[in-house]
Amino acid sequence: MLFFVNCPFCVTPSQQLLRRKHSGKYNIDDIDRKSRFKKSSRYETIFTTLSLVSSQRKTSEEIMKEAVKLMPGGVNSPVRAFRSVGGNPIVFKKVKGSKVYDVDGNEYIDYVGTWGPAIVGHANDEVVKALKEAVENGTSFGAPCELENILARMVIDAVPSVEMVRFVNSGTEACMSALRLMRAYTGREKIIKFAGCFHGHADPYLVQAGSGVATLGLPDSPGVPKSTTENTLTAPYNDYQAVENLFHTYPNQIAGVILEPVVGNSGFILPDKSFLEGLRSLTRREGALLCFDEVMTGFRISYGGAQKYFNIQPDLTTFGKIIGGGLPVGAYGGRKDIMEMIAPSGPVYQSGTLSGNPLAMTAGIKTLEILKRPGTYEYLEQITSKLVNSMVAIAQDAGHAFTGGHLSAMFGFFFTSGTVKNFEDAKRSDLAKFQRFHRSMLEQGIYLAPSQFEAGFISLQHSERDIEETLQAFTRVMKEI
(Lines give C-alpha, C1' and ligand atoms only; values in the text may rest on other atoms or scores of the structure.)
Protein backbone atom coordinates (compact mmCIF):
# COMPACT_ATOMS: atom_id res chain seq x y z
CA MET A 1 0.00 0.00 0.00
CA LEU A 2 1.22 3.53 -0.82
CA PHE A 3 0.61 6.37 1.63
CA PHE A 4 0.71 9.95 0.38
CA VAL A 5 1.57 12.57 2.94
CA ASN A 6 -0.93 15.40 3.15
CA CYS A 7 1.27 17.36 5.51
CA PRO A 8 5.00 17.00 4.90
CA PHE A 9 5.71 17.36 8.62
CA CYS A 10 3.30 14.68 9.91
CA VAL A 11 4.79 11.48 8.57
CA THR A 12 4.64 7.87 9.64
CA PRO A 13 7.78 6.02 10.75
CA SER A 14 7.78 4.10 7.46
CA GLN A 15 7.71 7.38 5.55
CA GLN A 16 10.50 8.74 7.74
CA LEU A 17 12.48 5.63 6.83
CA LEU A 18 11.89 6.21 3.14
CA ARG A 19 13.03 9.79 3.43
CA ARG A 20 16.13 8.74 5.34
CA LYS A 21 16.82 6.35 2.49
CA HIS A 22 16.67 9.14 -0.09
CA SER A 23 19.23 11.13 1.86
CA GLY A 24 21.54 8.19 2.56
CA LYS A 25 20.72 8.24 6.31
CA TYR A 26 19.37 4.74 6.69
CA ASN A 27 20.39 1.14 7.28
CA ILE A 28 19.25 -1.38 4.75
CA ASP A 29 18.60 -3.79 7.62
CA ASP A 30 15.70 -1.54 8.66
CA ILE A 31 13.73 -2.76 5.68
CA ASP A 32 11.97 -6.08 6.15
CA ARG A 33 12.42 -8.00 2.93
CA LYS A 34 11.29 -11.37 4.32
CA SER A 35 7.55 -11.01 3.81
CA ARG A 36 7.37 -11.69 0.08
CA PHE A 37 4.89 -13.64 -1.94
CA LYS A 38 6.06 -17.20 -2.60
CA LYS A 39 5.19 -19.04 -5.75
CA SER A 40 3.18 -22.24 -5.38
CA SER A 41 1.04 -24.28 -7.70
CA ARG A 42 -2.08 -23.20 -5.82
CA TYR A 43 -1.33 -19.49 -6.02
CA GLU A 44 0.57 -19.40 -9.33
CA THR A 45 -2.00 -17.27 -11.14
CA ILE A 46 -2.39 -14.88 -8.21
CA PHE A 47 1.35 -14.60 -7.77
CA THR A 48 1.89 -13.83 -11.44
CA THR A 49 -0.66 -11.02 -11.24
CA LEU A 50 0.80 -9.66 -8.02
CA SER A 51 4.29 -9.84 -9.47
CA LEU A 52 3.23 -7.57 -12.29
CA VAL A 53 1.78 -5.11 -9.78
CA SER A 54 4.83 -5.42 -7.55
CA SER A 55 7.12 -4.67 -10.48
CA GLN A 56 5.42 -1.29 -10.70
CA ARG A 57 6.12 -0.63 -7.02
CA LYS A 58 9.89 -0.73 -6.96
CA THR A 59 11.54 1.68 -4.58
CA SER A 60 13.57 4.65 -5.72
CA GLU A 61 16.70 2.77 -4.65
CA GLU A 62 15.80 -0.32 -6.66
CA ILE A 63 14.96 1.68 -9.75
CA MET A 64 18.21 3.64 -9.58
CA LYS A 65 20.26 0.46 -9.11
CA GLU A 66 18.74 -0.79 -12.33
CA ALA A 67 19.08 2.58 -14.06
CA VAL A 68 22.86 2.86 -13.59
CA LYS A 69 23.23 -0.38 -15.56
CA LEU A 70 21.18 1.03 -18.43
CA MET A 71 22.10 4.73 -18.65
CA PRO A 72 25.28 6.69 -17.82
CA GLY A 73 25.00 7.55 -14.14
CA GLY A 74 21.46 6.22 -14.22
CA VAL A 75 20.07 9.48 -15.58
CA ASN A 76 19.47 11.37 -18.80
CA SER A 77 20.72 14.72 -17.48
CA PRO A 78 23.64 14.86 -15.02
CA VAL A 79 22.28 17.06 -12.22
CA ARG A 80 19.44 14.59 -11.59
CA ALA A 81 21.93 12.09 -10.18
CA PHE A 82 22.27 13.93 -6.82
CA ARG A 83 26.07 13.69 -7.06
CA SER A 84 26.60 17.10 -5.42
CA VAL A 85 24.21 16.46 -2.52
CA GLY A 86 24.78 12.76 -1.89
CA GLY A 87 22.29 10.00 -1.28
CA ASN A 88 20.01 8.47 -3.88
CA PRO A 89 17.80 10.50 -6.21
CA ILE A 90 14.11 10.18 -5.62
CA VAL A 91 12.27 8.62 -8.53
CA PHE A 92 9.08 10.40 -9.50
CA LYS A 93 5.78 8.65 -10.02
CA LYS A 94 3.63 11.66 -10.84
CA VAL A 95 3.38 15.43 -10.48
CA LYS A 96 0.39 17.67 -9.90
CA GLY A 97 0.02 21.34 -9.04
CA SER A 98 2.82 22.38 -6.70
CA LYS A 99 3.57 18.81 -5.62
CA VAL A 100 5.65 15.88 -6.79
CA TYR A 101 5.13 12.29 -5.71
CA ASP A 102 7.78 9.60 -5.65
CA VAL A 103 7.46 5.86 -6.20
CA ASP A 104 7.89 5.30 -2.45
CA GLY A 105 4.66 7.10 -1.61
CA ASN A 106 6.05 10.44 -0.46
CA GLU A 107 4.71 13.87 -1.34
CA TYR A 108 6.95 16.93 -1.70
CA ILE A 109 6.38 20.63 -2.23
CA ASP A 110 8.31 21.24 -5.42
CA TYR A 111 10.57 24.21 -6.21
CA VAL A 112 12.24 22.75 -9.29
CA GLY A 113 9.19 22.79 -11.56
CA THR A 114 10.80 20.41 -14.07
CA TRP A 115 13.63 22.99 -14.21
CA GLY A 116 11.36 25.89 -15.12
CA PRO A 117 8.55 24.95 -17.51
CA ALA A 118 5.85 24.26 -14.89
CA ILE A 119 4.98 27.91 -14.17
CA VAL A 120 1.22 27.22 -14.31
CA GLY A 121 1.64 24.15 -12.12
CA HIS A 122 2.34 20.53 -12.90
CA ALA A 123 -0.24 18.77 -15.08
CA ASN A 124 -2.36 21.90 -15.20
CA ASP A 125 -5.96 20.89 -15.90
CA GLU A 126 -6.38 23.33 -18.79
CA VAL A 127 -3.12 22.31 -20.42
CA VAL A 128 -3.90 18.61 -20.02
CA LYS A 129 -7.38 19.09 -21.51
CA ALA A 130 -5.94 20.91 -24.52
CA LEU A 131 -3.34 18.17 -25.02
CA LYS A 132 -5.95 15.41 -24.85
CA GLU A 133 -7.91 17.12 -27.60
CA ALA A 134 -4.79 17.78 -29.70
CA VAL A 135 -3.42 14.24 -29.51
CA GLU A 136 -6.52 12.97 -31.30
CA ASN A 137 -5.25 14.79 -34.38
CA GLY A 138 -1.83 13.15 -34.22
CA THR A 139 1.39 13.33 -32.23
CA SER A 140 3.65 14.65 -34.97
CA PHE A 141 3.11 16.14 -38.42
CA GLY A 142 6.52 17.00 -39.85
CA ALA A 143 4.61 19.60 -41.89
CA PRO A 144 3.22 23.11 -41.34
CA CYS A 145 0.26 23.48 -38.99
CA GLU A 146 -1.67 26.53 -37.81
CA LEU A 147 -0.66 25.93 -34.20
CA GLU A 148 2.84 27.08 -35.13
CA ASN A 149 1.43 30.38 -36.39
CA ILE A 150 -0.59 30.90 -33.22
CA LEU A 151 2.31 30.33 -30.82
CA ALA A 152 4.70 32.32 -33.01
CA ARG A 153 2.33 35.28 -32.97
CA MET A 154 1.98 35.07 -29.19
CA VAL A 155 5.76 35.13 -28.74
CA ILE A 156 6.21 38.00 -31.20
CA ASP A 157 3.43 40.04 -29.58
CA ALA A 158 4.85 39.50 -26.09
CA VAL A 159 8.60 39.91 -26.55
CA PRO A 160 9.67 43.43 -27.60
CA SER A 161 12.69 42.50 -29.75
CA VAL A 162 11.24 39.54 -31.64
CA GLU A 163 9.91 40.12 -35.16
CA MET A 164 10.27 36.54 -36.43
CA VAL A 165 10.74 33.23 -34.64
CA ARG A 166 11.92 29.69 -35.49
CA PHE A 167 10.82 26.76 -33.30
CA VAL A 168 13.24 23.96 -32.43
CA ASN A 169 13.24 21.17 -29.84
CA SER A 170 15.42 22.31 -26.94
CA GLY A 171 17.24 25.25 -25.43
CA THR A 172 20.54 23.74 -26.53
CA GLU A 173 19.35 23.63 -30.13
CA ALA A 174 18.07 27.20 -29.92
CA CYS A 175 21.38 28.56 -28.60
CA MET A 176 23.42 26.52 -31.07
CA SER A 177 21.34 27.88 -33.94
CA ALA A 178 21.55 31.45 -32.66
CA LEU A 179 25.34 31.19 -32.57
CA ARG A 180 25.48 30.05 -36.20
CA LEU A 181 23.18 32.90 -37.16
CA MET A 182 25.25 35.54 -35.32
CA ARG A 183 28.37 34.41 -37.14
CA ALA A 184 26.68 34.31 -40.51
CA TYR A 185 25.08 37.74 -40.14
CA THR A 186 28.26 39.50 -39.01
CA GLY A 187 30.79 37.50 -40.98
CA ARG A 188 32.82 37.12 -37.79
CA GLU A 189 33.70 34.02 -35.76
CA LYS A 190 34.42 34.95 -32.16
CA ILE A 191 31.73 35.10 -29.48
CA ILE A 192 31.70 36.25 -25.87
CA LYS A 193 29.96 34.28 -23.14
CA PHE A 194 30.15 34.64 -19.36
CA ALA A 195 31.73 32.33 -16.82
CA GLY A 196 29.08 30.19 -15.17
CA CYS A 197 26.41 30.87 -17.78
CA PHE A 198 25.06 27.79 -19.53
CA HIS A 199 23.68 27.86 -23.06
CA GLY A 200 23.27 24.16 -23.64
CA HIS A 201 25.85 21.51 -24.39
CA ALA A 202 26.87 22.52 -27.92
CA ASP A 203 30.68 22.40 -28.20
CA PRO A 204 31.38 26.15 -28.49
CA TYR A 205 29.53 26.85 -25.22
CA LEU A 206 31.27 24.28 -23.03
CA VAL A 207 33.83 26.79 -21.81
CA GLN A 208 33.53 27.86 -18.15
CA ALA A 209 29.94 26.65 -18.31
CA GLY A 210 27.39 26.57 -15.51
CA SER A 211 24.49 24.25 -14.65
CA GLY A 212 25.51 20.56 -14.48
CA VAL A 213 29.07 21.38 -15.50
CA ALA A 214 29.44 23.60 -12.44
CA THR A 215 27.48 21.21 -10.24
CA LEU A 216 29.82 18.31 -10.99
CA GLY A 217 32.94 20.48 -10.88
CA LEU A 218 33.91 19.41 -14.38
CA PRO A 219 36.60 21.12 -16.44
CA ASP A 220 35.83 22.09 -20.00
CA SER A 221 34.41 18.92 -21.52
CA PRO A 222 36.66 16.28 -23.07
CA GLY A 223 35.75 15.59 -26.66
CA VAL A 224 35.50 19.28 -27.55
CA PRO A 225 38.38 20.18 -29.89
CA LYS A 226 40.40 23.27 -29.08
CA SER A 227 39.67 24.46 -32.59
CA THR A 228 35.98 24.52 -31.69
CA THR A 229 36.39 26.67 -28.59
CA GLU A 230 39.31 28.89 -29.59
CA ASN A 231 36.79 31.45 -30.83
CA THR A 232 34.85 31.41 -27.55
CA LEU A 233 35.89 34.28 -25.28
CA THR A 234 34.78 34.51 -21.66
CA ALA A 235 34.32 37.29 -19.13
CA PRO A 236 33.00 37.52 -15.56
CA TYR A 237 29.27 38.23 -15.35
CA ASN A 238 28.39 41.81 -14.38
CA ASP A 239 31.86 43.01 -15.48
CA TYR A 240 31.34 45.47 -18.32
CA GLN A 241 34.98 46.54 -18.41
CA ALA A 242 36.13 42.98 -19.08
CA VAL A 243 33.84 42.79 -22.10
CA GLU A 244 35.00 46.12 -23.44
CA ASN A 245 38.60 44.95 -23.08
CA LEU A 246 37.84 41.88 -25.21
CA PHE A 247 36.42 44.04 -27.97
CA HIS A 248 39.59 46.16 -27.88
CA THR A 249 41.79 43.03 -27.97
CA TYR A 250 39.87 41.48 -30.88
CA PRO A 251 38.68 44.41 -33.04
CA ASN A 252 36.17 43.56 -35.77
CA GLN A 253 36.37 39.86 -34.88
CA ILE A 254 33.54 39.38 -32.38
CA ALA A 255 30.22 38.26 -33.86
CA GLY A 256 28.20 38.66 -30.71
CA VAL A 257 27.68 38.45 -26.97
CA ILE A 258 25.35 35.84 -25.45
CA LEU A 259 24.24 35.85 -21.83
CA GLU A 260 21.52 34.92 -19.41
CA PRO A 261 19.92 38.30 -18.61
CA VAL A 262 19.24 36.85 -15.17
CA VAL A 263 21.57 33.97 -14.34
CA GLY A 264 20.00 30.69 -13.30
CA ASN A 265 22.80 28.25 -14.09
CA SER A 266 25.28 29.43 -11.44
CA GLY A 267 22.53 29.67 -8.92
CA PHE A 268 20.35 32.77 -9.05
CA ILE A 269 22.33 35.92 -9.88
CA LEU A 270 20.80 39.28 -10.76
CA PRO A 271 22.40 41.57 -13.31
CA ASP A 272 23.27 45.18 -12.73
CA LYS A 273 20.96 47.01 -15.11
CA SER A 274 23.88 49.23 -16.09
CA PHE A 275 25.74 46.07 -17.14
CA LEU A 276 22.95 45.08 -19.53
CA GLU A 277 22.64 48.63 -20.82
CA GLY A 278 26.39 48.78 -21.37
CA LEU A 279 26.38 45.56 -23.38
CA ARG A 280 23.57 46.88 -25.55
CA SER A 281 25.47 50.08 -26.34
CA LEU A 282 28.82 48.35 -26.79
CA THR A 283 27.62 45.69 -29.22
CA ARG A 284 25.84 48.28 -31.36
CA ARG A 285 28.94 50.44 -31.46
CA GLU A 286 31.18 47.49 -32.36
CA GLY A 287 28.90 46.00 -35.03
CA ALA A 288 28.26 42.84 -33.00
CA LEU A 289 24.97 41.21 -32.03
CA LEU A 290 23.55 40.88 -28.54
CA CYS A 291 21.71 37.64 -27.73
CA PHE A 292 19.68 37.13 -24.57
CA ASP A 293 19.36 33.49 -23.56
CA GLU A 294 15.84 33.57 -22.12
CA VAL A 295 15.37 29.81 -21.99
CA MET A 296 14.80 30.20 -18.23
CA THR A 297 13.65 33.80 -17.95
CA GLY A 298 11.31 33.95 -20.94
CA PHE A 299 7.72 34.38 -19.72
CA ARG A 300 8.90 33.82 -16.13
CA ILE A 301 10.39 37.19 -15.18
CA SER A 302 7.51 38.89 -16.96
CA TYR A 303 5.17 38.05 -19.80
CA GLY A 304 7.71 39.57 -22.18
CA GLY A 305 10.69 38.05 -20.41
CA ALA A 306 13.69 39.71 -18.78
CA GLN A 307 14.17 42.06 -21.71
CA LYS A 308 10.76 43.59 -21.16
CA TYR A 309 11.35 43.82 -17.43
CA PHE A 310 14.68 45.63 -17.89
CA ASN A 311 13.51 47.48 -21.03
CA ILE A 312 16.52 46.37 -23.08
CA GLN A 313 16.11 44.92 -26.56
CA PRO A 314 18.68 42.39 -27.78
CA ASP A 315 19.11 41.48 -31.43
CA LEU A 316 18.36 37.80 -30.85
CA THR A 317 16.64 35.83 -28.10
CA THR A 318 16.54 32.13 -27.33
CA PHE A 319 13.61 30.44 -25.61
CA GLY A 320 12.62 27.06 -24.20
CA LYS A 321 10.90 25.58 -21.16
CA ILE A 322 7.74 27.68 -20.60
CA ILE A 323 6.86 28.19 -24.27
CA GLY A 324 6.36 24.42 -24.55
CA GLY A 325 4.22 24.09 -21.45
CA GLY A 326 6.27 21.14 -20.20
CA LEU A 327 6.84 19.44 -23.55
CA PRO A 328 10.21 19.43 -25.38
CA VAL A 329 10.63 22.75 -27.16
CA GLY A 330 13.00 25.57 -27.97
CA ALA A 331 12.95 28.66 -30.15
CA TYR A 332 15.06 31.55 -31.30
CA GLY A 333 13.87 34.86 -32.64
CA GLY A 334 14.82 38.43 -33.29
CA ARG A 335 14.99 41.16 -35.87
CA LYS A 336 13.47 40.29 -39.22
CA ASP A 337 16.57 41.18 -41.22
CA ILE A 338 18.61 38.73 -39.16
CA MET A 339 16.05 35.93 -39.02
CA GLU A 340 15.47 35.99 -42.77
CA MET A 341 18.99 34.66 -43.21
CA ILE A 342 17.71 31.26 -42.03
CA ALA A 343 16.87 28.64 -44.66
CA PRO A 344 14.77 28.48 -46.70
CA SER A 345 14.60 32.30 -46.73
CA GLY A 346 18.38 32.56 -46.59
CA PRO A 347 21.59 30.54 -46.64
CA VAL A 348 21.94 29.64 -42.93
CA TYR A 349 20.82 26.03 -42.62
CA GLN A 350 18.89 24.65 -39.66
CA SER A 351 16.15 22.03 -39.56
CA GLY A 352 14.39 19.58 -37.24
CA THR A 353 12.07 16.61 -37.66
CA LEU A 354 9.97 17.46 -34.61
CA SER A 355 10.29 21.24 -34.75
CA GLY A 356 6.89 22.88 -34.34
CA ASN A 357 5.47 19.66 -32.90
CA PRO A 358 1.67 20.10 -32.55
CA LEU A 359 1.56 18.86 -28.96
CA ALA A 360 4.34 21.19 -27.83
CA MET A 361 2.65 24.08 -29.66
CA THR A 362 -0.68 23.25 -27.99
CA ALA A 363 0.81 23.13 -24.49
CA GLY A 364 2.71 26.35 -25.11
CA ILE A 365 -0.34 28.21 -26.39
CA LYS A 366 -2.47 27.23 -23.41
CA THR A 367 0.32 28.04 -20.94
CA LEU A 368 0.81 31.53 -22.39
CA GLU A 369 -2.95 32.09 -22.40
CA ILE A 370 -3.02 31.36 -18.66
CA LEU A 371 -0.01 33.58 -17.96
CA LYS A 372 -1.58 36.52 -19.77
CA ARG A 373 -4.52 36.67 -17.36
CA PRO A 374 -4.70 39.65 -14.97
CA GLY A 375 -2.86 39.35 -11.66
CA THR A 376 -0.68 36.41 -12.70
CA TYR A 377 2.74 37.97 -12.24
CA GLU A 378 1.64 40.01 -9.24
CA TYR A 379 0.76 36.77 -7.45
CA LEU A 380 4.02 35.11 -8.44
CA GLU A 381 5.98 38.10 -7.13
CA GLN A 382 4.02 38.13 -3.88
CA ILE A 383 4.57 34.51 -2.89
CA THR A 384 8.16 34.34 -4.15
CA SER A 385 9.19 37.46 -2.24
CA LYS A 386 7.56 36.12 0.92
CA LEU A 387 9.43 32.83 0.60
CA VAL A 388 12.87 34.25 -0.16
CA ASN A 389 12.83 37.23 2.18
CA SER A 390 11.69 35.02 5.04
CA MET A 391 14.35 32.40 4.28
CA VAL A 392 17.11 35.00 4.37
CA ALA A 393 15.87 36.39 7.70
CA ILE A 394 15.46 32.95 9.27
CA ALA A 395 18.88 31.72 8.15
CA GLN A 396 20.70 34.83 9.28
CA ASP A 397 18.87 34.84 12.62
CA ALA A 398 20.07 31.25 13.08
CA GLY A 399 23.66 32.43 12.58
CA HIS A 400 24.27 31.18 9.05
CA ALA A 401 26.18 33.02 6.35
CA PHE A 402 23.32 33.19 3.87
CA THR A 403 22.20 35.42 1.04
CA GLY A 404 19.37 35.15 -1.44
CA GLY A 405 17.27 36.97 -3.97
CA HIS A 406 14.45 36.67 -6.45
CA LEU A 407 12.81 38.25 -9.46
CA SER A 408 9.21 37.37 -10.10
CA ALA A 409 8.89 33.56 -9.93
CA MET A 410 12.62 32.77 -10.06
CA PHE A 411 14.81 32.69 -6.96
CA GLY A 412 17.96 31.38 -5.36
CA PHE A 413 20.24 31.51 -2.34
CA PHE A 414 23.82 30.80 -1.33
CA PHE A 415 25.45 29.75 1.92
CA THR A 416 27.80 32.71 1.90
CA SER A 417 27.74 36.29 3.07
CA GLY A 418 27.64 39.36 0.88
CA THR A 419 26.15 39.92 -2.54
CA VAL A 420 26.78 37.35 -5.26
CA LYS A 421 27.48 39.12 -8.55
CA ASN A 422 29.09 36.37 -10.62
CA PHE A 423 30.18 32.74 -10.66
CA GLU A 424 33.37 33.39 -8.68
CA ASP A 425 31.26 34.87 -5.88
CA ALA A 426 28.88 31.91 -6.08
CA LYS A 427 31.75 29.46 -5.60
CA ARG A 428 32.36 30.93 -2.14
CA SER A 429 29.21 29.17 -0.98
CA ASP A 430 29.59 26.46 1.67
CA LEU A 431 28.85 23.40 -0.46
CA ALA A 432 29.12 20.95 2.42
CA LYS A 433 26.48 22.89 4.32
CA PHE A 434 24.27 23.03 1.23
CA GLN A 435 24.54 19.25 0.96
CA ARG A 436 23.33 18.80 4.56
CA PHE A 437 20.63 21.39 3.98
CA HIS A 438 19.32 19.71 0.84
CA ARG A 439 19.14 16.30 2.50
CA SER A 440 17.33 17.71 5.52
CA MET A 441 14.79 19.64 3.45
CA LEU A 442 14.10 16.51 1.42
CA GLU A 443 13.37 14.63 4.62
CA GLN A 444 10.94 17.42 5.54
CA GLY A 445 9.08 17.00 2.26
CA ILE A 446 10.58 19.94 0.37
CA TYR A 447 12.05 19.26 -3.08
CA LEU A 448 14.75 21.73 -4.10
CA ALA A 449 17.25 21.58 -6.95
CA PRO A 450 20.03 19.12 -5.98
CA SER A 451 22.75 21.70 -6.64
CA GLN A 452 23.86 24.97 -5.12
CA PHE A 453 24.36 26.21 -8.68
CA GLU A 454 20.76 26.03 -9.87
CA ALA A 455 17.88 28.50 -9.52
CA GLY A 456 14.52 27.71 -7.94
CA PHE A 457 11.11 28.17 -9.52
CA ILE A 458 7.62 28.89 -8.22
CA SER A 459 4.31 28.28 -9.97
CA LEU A 460 0.82 29.69 -9.91
CA GLN A 461 -0.25 26.55 -8.05
CA HIS A 462 1.98 27.26 -5.05
CA SER A 463 -0.30 28.36 -2.25
CA GLU A 464 0.22 30.44 0.86
CA ARG A 465 0.04 27.17 2.79
CA ASP A 466 2.84 25.71 0.66
CA ILE A 467 5.00 28.72 1.50
CA GLU A 468 4.19 28.54 5.22
CA GLU A 469 4.94 24.81 5.40
CA THR A 470 8.20 25.37 3.51
CA LEU A 471 9.25 28.11 5.92
CA GLN A 472 8.40 25.95 8.92
CA ALA A 473 10.58 23.18 7.51
CA PHE A 474 13.32 25.67 6.68
CA THR A 475 13.30 27.00 10.25
CA ARG A 476 13.75 23.52 11.68
CA VAL A 477 16.52 22.69 9.26
CA MET A 478 18.41 25.92 9.93
CA LYS A 479 18.52 24.98 13.61
CA GLU A 480 19.80 21.47 12.83
CA ILE A 481 22.59 21.94 10.28
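Bear in mind that the values here come from a model prediction, so they are computed numbers and not experimental data.

(A) Looking closely at the packing of aromatic side chains. Per the counting criterion, the structure on display carries 18 aromatic pairs. Ring geometry for Phe194 versus Phe275: centroids 5.5 Å apart, planes at 80°, classification edge-to-face. Taken together, the residues span a long stretch of sequence, with Phe194 in strand E5 (residues 190-194) and Phe275 in helix H10 (residues 273-286) at a distance of 81 residues. The same class applies to Phe194 as to Phe275, namely buried. Taken together, a centroid distance of 5.8 Å and an interplanar angle of 65° make the contact between Phe402 and Phe474 edge-to-face. Placement of the pair is Phe402 in the loop between helix H14 (376-397) and strand E11 (403-407) and Phe474 in helix H17 (residues 464-480), with a sequence separation of 72 residues. Comparing Phe402 with Phe474, the two get one shared label, buried. Here the aromatic cluster, defined as three or more aromatic residues joined through ring pairs, consists of Phe402, Phe413, Phe415, Phe434, Phe437 and Phe474. Lys94 extends its terminal NZ or CZ atom over the ring of Tyr101, reaching a point 5.2 Å from the ring centre.

(B) Local environment of the sheet that holds strand E3 (residues 107-110). The four strands are arranged E1-E2-E3-E13 in an open sheet whose pairing can be described as mixed. Each of the sheet's edge strands pairs with one partner strand only, and the pair in question is strand E1 (92-96) and strand E13 (446-447). Summarising the sheet, E1 and strand E2 (residues 99-102) pair through four bridges and their orientation is antiparallel. Looking across to E2, one finds that Lys96 is bridged to Lys99. Sheet contacts for H17: E2, E3 and E13; angle to E3, the most-contacted strand, approximately 100°.

(C) Expanded view of the side chain of His462. Checked against the element boundaries, His462 lands in the loop between strand E14 (456-457) and H17. Setting aside anything within four residues of it in sequence, one finds His462 in contact with Ser98, Ile109, Asp110, Tyr111, Tyr379, Ile383 and Phe457.

(D) Representation of the pattern of salt bridges in the model. All chains considered together, the criterion is met by 18 salt bridges. A salt bridge links Glu369 to Lys366; the shortest N-O distance between them is 2.9 Å. Placement of the pair is Glu369 and Lys366 together in helix H13 (residues 358-371), with a separation of three residues, close to one helical turn. One salt bridge connects Lys386 with Glu468, and the closest N-O pair in it is separated by 2.6 Å. You can see Lys386 sitting in helix H14 and its partner Glu468 sitting in helix H17, a full 82 residues away along the chain.

(E) Up close: the nonpolar core. Ranked by internal contacts, the top residues of the largest apolar core, which has 68 residues, are Tyr111, Phe299, Leu371, Phe413 and Phe437. Leu371 has contacts with Ile119, Val120, Phe299, Tyr303, Ile322, Thr376, Tyr377 and Leu460, leaving out every residue within four places of it along the chain. Counting residues in hydrophobic clusters, the runner-up holds 38 residues, among them Ile254, Phe268, Leu276 and Phe292.

(F) Representation of the state of the cysteines in the model. One pass over the full model with this rule turns up zero disulfides. Sulfur of Cys175: no disulfide; nearest cysteine sulfur belongs to Cys291 and is 6.4 Å away. For Cys175, a relative accessible area of 0% puts it in the buried group.

(G) Spatial organisation of helix H16 (residues 431-443). When the terminal C-alpha atoms of H16 are compared, their 19 Å separation across 13 residues agrees well with the 18 Å that a helix rising 1.5 Å per residue should span. Among all positions of H16, only Lys433, Phe434, Phe437, His438, Ser440, Met441 and Leu442 are buried. Taking the backbone nitrogen of Ala432 as reference, a side-chain oxygen 3.2 Å away marks Asp430 as the first, capping residue of H16. Phi turns positive one or two residues past the end of H16, at Gly445, with a value near 90°.

(H) Region of interest: the side chain of Thr232. Checked against the element boundaries, Thr232 lands in strand E6 (residues 232-235). Residues contacting Thr232, with those up to four places away along its chain left out, are Ile191, Lys193, Pro204 and Val207.

(I) Representation of the sheet that holds strand E10 (residues 330-334) within the structure. Across the sheet, which stays open at both edges, the seven strands sit in the order E4-E10-E9-E8-E7-E5-E6 with mixed pairing between neighbours. Each edge of the sheet is formed by a strand with only one pairing partner; in this case those strands are strand E4 (164-168) and E6. Within the sheet, the average angular offset between the axes of one strand and its neighbour, ignoring direction, is 20°.

(J) View of the packing of H14 against H17. It is the contact of H14 with H17, at a shortest axis distance of 10 Å, that shows an interaxial angle of 15°. With respect to H17, the element H14 is oriented roughly parallel. The crossing of H14 and H17 is right-handed. Counting all contacts with H14, which are made through Tyr379, Gln382, Ile383, Lys386, Leu387, Ser390, Met391, Ile394 and Ala395, the residues of H17 involved are Glu464, Ile467, Glu468, Thr470, Leu471, Phe474, Thr475 and Met478. Partitioning the contact of H14 with H17 into residue classes produces ten nonpolar, four polar and three charged.

Cut-offs applied
Residues numbered from 1 in each chain as written. Predicted model: local features only at pLDDT ≥ 70, side-chain atom pairs only at ≥ 80, totals over all residues. Heavy atoms only, no water. Phe/Tyr/Trp six-rings, centres within 6.5 Å; stacked < 30°, edge-to-face > 60°. Helix = DSSP H or I, 4+ residues; strand = E, 2+ residues; numbered from the N terminus. Buried < 20%, exposed > 50% of the residue type's maximum accessible area, 1.4 Å probe, protein only. Lys NZ or Arg CZ within 6 Å of the ring centre and 35° of its normal. Pairing = 2+ DSSP bridges. Contact = heavy atoms within 4.5 Å. Axes fitted to C-alpha atoms, helices over the stretch in contact; angles between N-to-C directions. Salt bridge = Lys/Arg side-chain N within 4 Å of Asp/Glu carboxyl O. Core = buried A, V, L, I, M, F, W, Y, C linked by side-chain atoms within 4.5 Å. Disulfide = S-S within 2.5 Å. Expected span 1.5 Å × (residues − 1). Polar contact = N/O pair within 3.5 Å; in protein donor to acceptor, adjacent residues only side chain to side chain. Parallel < 35°, antiparallel > 145°, perpendicular 65-115°, else oblique. Left-handed = near helix turned anticlockwise from the far one by under 90°. Nonpolar A, V, L, I, M, F, W, Y, C, P; charged D, E, K, R; others polar.

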